[in-house]
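# Geometric and topological summary
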Amino acid sequence: MSRCYENRLRLIALLQEKTVPITRHSFISLDTGLEFKFDAYRGDLLGKNLSGNKVMKLTPNLAAYIKEDQSDIPVATFGGSHSNHLRAFGVLARMLRLNAIAFLRESPKGHHKMLEEFLIKRGVKVILLSPEDYKQREDPNFISTLNNSQGRFHLIPEGGTTSESVSYIAKQFSALKGEYSHVFVPVGLGGTLSGIAAGVGNQTKVIGVSAVKSDPSLTERVQSTLQIANVRTPDNWTIDYKFHFGGFGKTNTSLDEFTTAFEAQTNIELYRTYTAKSAYAMAEYFRLEKIDSALWINTYNPA
Ligand SMILES: *Cc1c(COP(=O)(O)O)cnc(C)c1O
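For the structure given in this document, a descriptive report is provided here. Fair warning: this is a prediction, and the values are worked out from it, not measured in the lab.

Attention now moves to the packing of helix H10 (residues 253-266) against helix H11 (residues 275-288). Relative to each other, H10 and H11 sit at 85°, their axes nearing to 10 Å. One element, H10, and the other, H11, form an angle in the roughly perpendicular class. From H10, Ser-254, Leu-255, Phe-258, Thr-259 and Phe-262 reach across to H11, where they touch Ala-276, Lys-277, Ala-279, Tyr-280 and Ala-283. Within the contact of H10 with H11, the residues separate by chemical class into seven nonpolar, two polar and one charged.

Okay, the sheet that holds strand S4 (residues 100-105) next. The strand order S5-S4-S3-S6 describes an open sheet built from four strands, whose pairing is parallel. One side of each edge strand has no neighbouring strand; the edge strands of this open sheet are strand S5 (125-129) and strand S6 (154-156). For this sheet the average axis-to-axis angle between neighbouring strands, irrespective of direction, equals 25°. With five bridges connecting them, strand S3 (residues 75-79) and S4 associate as parallel partners. Directly across from Phe-78, in S4, lies its bridge partner Phe-103. Contacting S4 and S5, helix H4 (residues 113-121) runs over the sheet at an angle of about 155° to S5. The strands touched by helix H6 (residues 140-150) are S3, S4, S5 and S6; relative to S5, the strand with the most contacts, the crossing angle is about 135°.

Procedures and definitions
Residues numbered from 1 in each chain as written. Predicted model: local features only at pLDDT ≥ 70, side-chain atom pairs only at ≥ 80, totals over all residues. Heavy atoms only, no water. Axes fitted to C-alpha atoms, helices over the stretch in contact; angles between N-to-C directions. Helix = DSSP H or I, 4+ residues; strand = E, 2+ residues; numbered from the N terminus. Parallel < 35°, antiparallel > 145°, perpendicular 65-115°, else oblique. Contact = heavy atoms within 4.5 Å. Nonpolar A, V, L, I, M, F, W, Y, C, P; charged D, E, K, R; others polar. Pairing = 2+ DSSP bridges.

Right, here's the structure in full:
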């Protein structure tokens with residue numbers, strides 16, 4: 001076994017050993033005057049570009065890649081022009097000196113250029129895909145054509161949701177089994193939600209807050225993710241589609257006002273795309289339901 005191989009695994013283990021702080025907060029709603037208390041799981045404090053749920057999802061996948069393929073073939077993944085997943089992938093590729101490929105969705109307006117440069121600087125080979133091609137990223141035939149042009153590679157799916165990452169997140173969260181009546185987590189593709197739901201156990205209700213306009217296929221996606229990960233399918237979770245505020249990346253005055261108040265009162269910076277929406281949702285749940293104890297997941301806060 002080469003030293004390089006061992007060093008890479010050791011570095012991954014070190015990254016995984018970083019403890020995620022849990023901080024306690026209270027918030028008073030400007031509209032209702034209602035106060036509630038919650039704990040925040042501070043994935044955002046893990047680092048700058050390499051942070052939050054992206055560390056939790058990418059490190060188990062890269063460990064699997066390094067073990068299985070011993071890095072003989074490149075490791076590849078997909079992402080759009082604002083992908084936090086690709087950003088974290090780039091940092092890890094550099095840190096671990098990986099032979100890495102990023103399939104980046106090309107934006108007709110050039111929005112991908114910053115991320116492209118970020119990745120190239122870190123030694124990642126960037127292959128731009130047209131928006132039409134990018135839509136086929138889960139189609140095995142399309143992957144074959146990519147293999148024809150790029151050679152063999154170890155593929156990590158967009159968002160990094162695999163049985164490895166779901167099992168890893170489940171293991172992390174099993175330490176919090178029975179601690180909270182409710183967990184609030186933002187949802188993109190649902191990998192983080194899957195792992196948390198599997199980890200915290202059936203005493204806790206896990207509420208996923210979709211950052212994307214109603215896409216009921218997400219629910220099926222989470223179900224099949226849990227099956228693939230071979231974790232006993234928990235029925236302690238739901239996805240709430242009511243808090244997308246117009247769609248992915250969209251916001252409105254009510255979300256903006258809430259964000260300003262929340263940031264001022266808690267000293268936690270929110271990220272409009274994901275965590276602002278899940279924080280807003282949590283406040284609504286406190287208004288409408290009896291919540292004994294809440295853990296709010298801060299998945300990531302890009303610099
Ligand atoms: C990527 C990302 C998510 C989505 O995670 P999934 O596991 O795909 O649901 C949530 N929040 C933030 C801040 C992210 O960057």
